[in-house]
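A look at the structure
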Amino acid sequence: MTSIRTRSAAGHPDPSHPAAGPGITEDDRGFTLVEVAIALVVIALLVGTVLQAQGMVGNSRVQAFVSEVGAIRTAFSQFQERYGALPGDYQDGPILAMDAERGNGDGTLSGSGADQESLEAWRHLTAAQFLTNLKMSPGGTSAPSTPLGGQYQLVSATVGATSGVWLRIGSMTTGSTTGNSTPLLTVDQAHRLDVELDDGLPGTGSVVTSTAACQGTGSNIYNLAATDTCLVQVLM
């Protein structure tokens with residue numbers, strides 16, 4: 001196809017399209033500044049869209065985590081109301097499911113290893129249909145995973161001045177399937193969980209962290225500028 005080149009009224013080539021130099025055709029010429037600017041705008045828009053999508057995915061995972069912790073606390077309370085015992089410590093566990101073990105009924109979650117009542121509690125809660133979407137390990141031999149990684153573990157403990165059953169949220173220590181005492185949550189994630197479920201303060205209430213670096217120096221507030229991870233516990 002023959003290309004058509006515009007010319008000025010005087011019969012000379014249009015000055016907006018200067019003639020190509022020796023050996024250079026019109027098609028060999030590089031991008032104009034306008035074309036480069038348009039390309040940069042498009043790239044910036046694409047990068048912004050990707051980052052926004054990543055942020056939305058991250059926020060949805062945190063919200064799923066917060067909702068799941070709330071559901072676990074509700075399920076724990078409902079189990080106690082129905083059966084009059086702690087899940088895991090319930091002595092008629094086999095009534096709930098054939099693979100559920102009996103607790104010793106002493107009012108705490110005790111035991112050790114894969115047979116400890118803190119692991120059996122998850123089997124009791126799922127067998128009684130109070131929890132149905134929890135990510136359990138095969139055979140229930142280790143604590144269930146959270147949407148943010150790490151694991152949940154139910155432990156009878158005294159945290160601060162409050163004794164009871166606490167949901168500990170952390171990562172498993174090396175070589176362990178039951179001890180999740182390694183900090184997991186970012187300060188922002190811990191703060192968001194605390195705001196949604198409690199008083200928003202790291203050292204008081206039913207959602208607390210024992211990680212000093214996650215708190216402001218000498219104050220009961222979250223240090224949102226910190227890059228440390230936090231070990232968080234939630235009172236059941």
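Everything here concerns the structure above.
Residues numbered from 1 in each chain as written. Predicted model: local features only at pLDDT ≥ 70, side-chain atom pairs only at ≥ 80, totals over all residues. Heavy atoms only, no water.

Regarding the overall build of the protein chain
Per the secondary structure count, the protein chain includes four helices and six strands. Start at the N end of the protein chain and walk to the C end: the helices and strands fall as α-α-α-β-β-β-α-β-β-β. Of the contacts formed within the protein chain by residues at least 6 apart in sequence, a portion of 48% connects residues at least 24 apart. When the accessible surface of the protein chain is split by element, carbon and sulfur atoms take 57% of a total near 13,400 Å². (Helix = DSSP H or I, 4+ residues; strand = E, 2+ residues; numbered from the N terminus. Contact = heavy atoms within 4.5 Å. Areas by Shrake-Rupley, 256 points an atom, 1.4 Å probe, with all protein chains shown as cover.)

Topic: the packing of aromatic side chains
All chains considered together, the criterion is met by five aromatic pairs. For the ring pair Phe79 and Tyr83, a centre distance of 4.6 Å and an interplane angle of 40° mean the geometry is tilted. Here Tyr83 and Phe79 lie together in helix α1 (residues 33-83), a separation of four residues that amounts to about one turn. Residue Phe79 is classed as buried on the basis of its relative accessible area of 0%. An aromatic cluster is present here, built from Phe79, Tyr83, Tyr90 and Phe130 joined pairwise through their rings. (Phe/Tyr/Trp six-rings, centres within 6.5 Å; stacked < 30°, edge-to-face > 60°. Buried < 20%, exposed > 50% of the residue type's maximum accessible area, 1.4 Å probe, protein only.)

Regarding the environment of Ser171
Take Ser171: it is sitting in the loop between β2 (162-170) and β3 (185-186). Once the C-alpha coordinates of Ser171 and Gln153 are considered, the two residues, 18 residues apart in sequence, prove to be 9.8 Å apart. With near-sequence residues (within four places) excluded, Ser171 lies in contact with Gly150, Gln151, Gly179, Asn180, Ser181, Thr182, Pro183 and Leu184.

Describing helix α3 (residues 117-127)
Here α3 lies mainly inside the structure; nine of its 11 residues are buried. Regarding α3, the residues found buried are Glu117, Ser118, Leu119, Glu120, Ala121, Trp122, Arg123, His124 and Leu125. Of the residues one or two after α3, Gln129 is the one with positive phi, at around 65°.

Re the pairing of strand β6 (residues 232-235)
Note that β2 and β6 share four bridges and pair antiparallel. In the strand pairing of β6, Leu167 is matched with Val234. (Pairing = 2+ DSSP bridges.)

What about the state of the cysteines?
A covalent bond between the sulfur atoms of two cysteines is what we call a disulfide. Within this structure, the stated rule accounts for one disulfide. Here Cys214 connects covalently by a disulfide to Cys230, the sulfurs 2.1 Å from one another. An S-S torsion of about -110° defines the bridge between Cys214 and Cys230 as left-handed. In this pair, Cys214 is assigned in the loop between β4 (207-209) and β5 (229-230) and Cys230 in strand β5, connecting sequence segments 16 residues apart. In this pair, the class of Cys214 matches that of Cys230, namely buried. (Disulfide = S-S within 2.5 Å.)

Focus: the sheet that holds β2
Each strand in a sheet pairs with its neighbour through backbone hydrogen bonds, running either in the same direction (parallel) or in the opposite one (antiparallel). If you walk across this open sheet you meet the four strands as β1-β2-β6-β4, and the pairing is antiparallel. The open sheet terminates on both sides in strands that have one partner only, identified here as β1 (151-159) and β4. Within this sheet the neighbouring strands show an average axis-to-axis angle of 30°, counted without direction. Looking at chain direction, β1 and β2 are connected through nine bridges and run antiparallel. Its bridge partner being in β2, Val155 is matched across the sheet by Trp166. Running over the sheet, α3 touches β1 and β2 and is turned about 125° from β1. (Axes fitted to C-alpha atoms, helices over the stretch in contact; angles between N-to-C directions.)

A short note on the pattern of salt bridges
Side chains that differ in sign of charge can pair as their charged atoms come close. Applying the stated rule across the entire model yields two salt bridges. Close ionic contact of Arg102 with Asp92 constitutes a salt bridge, the shortest N to O distance being 3.6 Å. Taken together, the positions of Arg102 in the loop between α2 (93-96) and α3 and Asp92 in the loop between α1 and α2 put the pair 10 residues apart, joining distant regions of the chain. What makes Arg102 exposed here is its relative accessible area of 57%. (Salt bridge = Lys/Arg side-chain N within 4 Å of Asp/Glu carboxyl O.)

Details of a nonpolar patch on the surface
Taken together, the side chains of Phe31, Val36, Leu40, Ile43, Val47 and Leu51 make up a nonpolar region of the molecular surface, amounting to roughly 620 Å² of accessible area. Checked against the element boundaries, Leu40 lands in helix α1. On the basis of relative accessible area, Leu40 is assigned to the exposed category, the value being 55%. (Patch = residues over 30% accessible without salt bridge, like charges linked within 9 Å, V, L, I, M, F, W, Y side chains within 5 Å.)

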